[in-house]
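Fold and geometry: a report
Now for the letters of each chain:
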Amino acid sequence: MGLYDLKDKTESEEELDRLLESLSVDVGDNNIDYRELTIEQINEISSDDLVKAVCIWIEQKMEDGIEEGIEKTDTLSGLPEPCGLVYGIKLLVDEFEKNGFNKFYENSQNAQFVDFAIEGFRELKEYELLEITERSRESYQKLLAKHGEEYFSRFMLDYGNNALTDLDYEFETEISKKDINRLLVNYIRGHSDDFGD
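Residues numbered from 1 in each chain as written. Predicted model: local features only at pLDDT ≥ 70, side-chain atom pairs only at ≥ 80, totals over all residues. Heavy atoms only, no water.

A closer look at the overall build of the chain
Summing up its helical and strand segments, the chain has 12 helices and zero strands in all. Going from N to C terminus, the chain has its helices and strands arranged as α-α-α-α-α-α-α-α-α-α-α-α. A fraction of 67% describes how many contacts in the chain between residues 6 or more apart in sequence connect residues 24 or more apart. For the chain, the accessible area works out to roughly 11,900 Å², and carbon and sulfur atoms hold 44% of it. (Helix = DSSP H or I, 4+ residues; strand = E, 2+ residues; numbered from the N terminus. Contact = heavy atoms within 4.5 Å. Areas by Shrake-Rupley, 256 points an atom, 1.4 Å probe, with all protein chains shown as cover.)

Observations concerning helix 9 (residues 127-147)
Here helix 9 is 21 residues long and its end C-alpha atoms lie 30 Å apart, about the 30 Å a rise of 1.5 Å per residue gives. When helix 9 is considered as a whole, its buried residues turn out to be Leu129, Leu130, Ile132, Thr133, Ser136, Tyr140 and Leu143. Within helix 9, the buried residues cover an arc of 165° as seen down the axis, which keeps them to one side. Among the exposed residues of helix 9, those oriented more than 90 degrees off its buried face are Lys142, Ala145 and Lys146. The inward-facing, buried residues of helix 9 abut helix 6 (81-106), helix 7 (108-111), helix 8 (114-123), helix 10 (150-153), helix 11 (165-175) and helix 12 (180-190). (Expected span 1.5 Å × (residues − 1). Buried < 20%, exposed > 50% of the residue type's maximum accessible area, 1.4 Å probe, protein only. Arc of directions from axis to C-beta.)

Describing the environment of glutamine 60
When you line up the elements, glutamine 60 lands in helix 4 (residues 47-67). Here the alpha-carbon distance between glutamine 60 and arginine 35, two residues 25 residues apart in the chain, equals 5.6 Å.

Observations concerning the packing of aromatic side chains
As enumerated under the stated definition, the model contains nine aromatic pairs in all. Judged by centre distance (5.0 Å) and plane angle (75°), the ring pair of phenylalanine 104 and tyrosine 105 falls under edge-to-face. A centroid spacing of 4.3 Å and a plane angle of 10° characterise the contact between tyrosine 105 and tyrosine 140, whose relative ring orientation is stacked. Placement of tyrosine 105 in helix 6 and of tyrosine 140 in helix 9 is noted, with a sequence separation of 35 residues between them. There is no split in this pair, since tyrosine 105 and tyrosine 140 are both buried. An aromatic cluster is present here, built from Phe96, Phe101, Phe104, Tyr105, Phe121, Tyr140 and Phe171 joined pairwise through their rings. (Phe/Tyr/Trp six-rings, centres within 6.5 Å; stacked < 30°, edge-to-face > 60°.)

Shown next, in the form of structure tokens:
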């Protein structure tokens, strides 16, 4: 029996309307604009969306800064410290998952955020990830000085001989043991007053 069959069995259109209303489910707004968040909203965002929401809000802050002539890293440094730590780790992990440290450093702007990731790992007491990331930064700086930025955009031609390959394997091994998203969610929840306007 479908809903149309019910109409024949109800006494009035009004009763059918009440029945249909009782069957409707409020799925909420799936098109939430995370570019503008209040501190109060942070606590209402599900754990599945929290890191994404916070990073979108941070990116909007950096875009606002660019419009005023302020570098992204300067804007990030001007936000409460937890913002930079979360953003740095999320950026590093997302880019790393695309193709290792090489992919992360291929965009020279990413290198400007590596210190935020390093401090984030220190704050989270993820010392293995901290140590590997520090070594990646040192290797990057040496390779950059020796070969220039093009080295990182051409690495795919000879990936096996790239100096960051061994670090990729180490980082991948360590990160596979962690639930980075859960660590970041817990950190954001513990510092919720530092996120949002």
